[in-house]
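Here's the letter readout for the chains.
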Amino acid sequence: MGLRAAPLLLLTALLLAGASAGRERDPDRYKHFLNQHYDPSPTGHNARYCNRKMRSINGLRKPDARPGPKDCKETNTFIHDNINSMRAVCTPQGGEDYVTPAGQRMRRSRGPLSVTTCTLSGGSPPNNCEYRATHGARTIVIACDGQGRPEHFDENWIVAA
């Protein structure tokens with residue numbers, strides 16, 4: 001019985017490995033990144049801007065297992081530079097390897113990018129969350145997919161320029 005189970009276990013392991021490898025190249029991760037973090041033409045850099053943008057972001061969040069309304073997202077950053085500048089962080093010209101204190105391999109921009117960071121300041125979920133805005137030029141830290149596209153913005157490792 002052990003010999004019969006071995007091929008089945010091997011096949012299952014290969015299928016799972018293939019599924020996780022496919023997720024790394026999932027174009028939806030790039031689209032999700034753009035929806036959550038890219039705004040080349042902001043309409044201001046104030047609380048009104050953040051409240052409007054974050055209402056959209058909070059609506060995109062996946063529901064969690066807890067009952068009740070969705071939580072307000074604590075922090076989200078919007079990048080305002082052109083898309084080529086943002087994608088360049090994934091290249092040697094625009095970014096450099098960076099390992100976070102948690103051990104994650106990321107990319108840090110070589111120069112500052114224009115960003116607005118929206119930070120929760122009060123309100124109640126999901127549509128009455130209130131945010132304050134901080135606008136400036138900052139070095140950012142992102143994860144890139146195998147095609148050189150941003151797929152994750154790490155809010156914890158924003159470095160002031």
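Residues numbered from 1 in each chain as written. Predicted model: local features only at pLDDT ≥ 70, side-chain atom pairs only at ≥ 80, totals over all residues. Heavy atoms only, no water.

Looking up the protein chain in an unreviewed UniProt entry gives the name Angiogenin, with the organism given as Pelodiscus sinensis. As recorded by UniProt, the Sequence similarities (unreviewed entry) comment attached to the protein chain reads in full: "Belongs to the pancreatic ribonuclease family." (UniProt positions renumbered as here; feature names shortened; annotations may be inferred.)

Chemist: Hey, could you go over the state of the cysteines for me, with residue numbers and the actual values?
Modeler: Enumeration over the complete set of coordinates arrives at three disulfides. Paired through a disulfide, C50 and C118 show a sulfur-sulfur distance of 2.1 Å. Where C50 bonds to C118 through sulfur, the torsion about that S-S bond is close to -80°, and the disulfide is left-handed. One end of the pair, C50, is in helix α3 (residues 47-60); the other, C118, is in strand β4 (residues 113-124), with 68 residues separating them in the sequence. In the protein chain, the cysteines engaged in disulfides, taken in order along the sequence, are linked 1-4, 2-5, 3-6. (Disulfide = S-S within 2.5 Å. Helix = DSSP H or I, 4+ residues; strand = E, 2+ residues; numbered from the N terminus.)

Chemist: I'd love a proper account of the pairing of strand β7 (residues 150-153), names of residues and values included.
Modeler: Summarising the sheet, strand β6 (residues 141-144) and β7 pair through three bridges and their orientation is antiparallel. The residue bridging A143 from the neighbouring strand is H152, located in β7. Count of turn residues in the β6/β7 antiparallel hairpin: five residues, of which G148 carries a positive phi of about 75°. (Pairing = 2+ DSSP bridges.)

Chemist: Account for the pattern of salt bridges, naming residues and giving values.
Modeler: Tallied over the entire structure, the rule returns seven salt bridges. Between R29 and E151 there is a salt bridge, with the nearest N and O atoms lying 3.5 Å from each other. Taken together, the residues span a long stretch of sequence, with R29 in helix α2 (residues 27-37) and E151 in strand β7 at a distance of 122 residues. A residue is classified by how much of its surface remains accessible, and E151, at 17% relative accessible area, is buried. R105 is paired through a salt bridge with D97; the nearest N and O atoms lie 3.9 Å apart. Both residues of the pair, R105 and D97, belong to the exposed class. (Salt bridge = Lys/Arg side-chain N within 4 Å of Asp/Glu carboxyl O. Buried < 20%, exposed > 50% of the residue type's maximum accessible area, 1.4 Å probe, protein only.)

Chemist: So what about the nonpolar core? Which residues, and what values?
Modeler: One finds F33, L34, I79, M86, I140, I142 and F153 to be the most contacted residues of the largest nonpolar core, which totals 13 residues. Looking at this core, the elements that each hand over two or more residues are α2 and β4. Sorting elements by how many residues they give to this core places α2 first, with three residues. Discounting chain neighbours no more than four positions away, the residues touching L34 are I83 and M86. In this structure, Y49, C50, F78 and Y131 belong to the second largest nonpolar core, which totals nine residues. (Core = buried A, V, L, I, M, F, W, Y, C linked by side-chain atoms within 4.5 Å. Contact = heavy atoms within 4.5 Å.)

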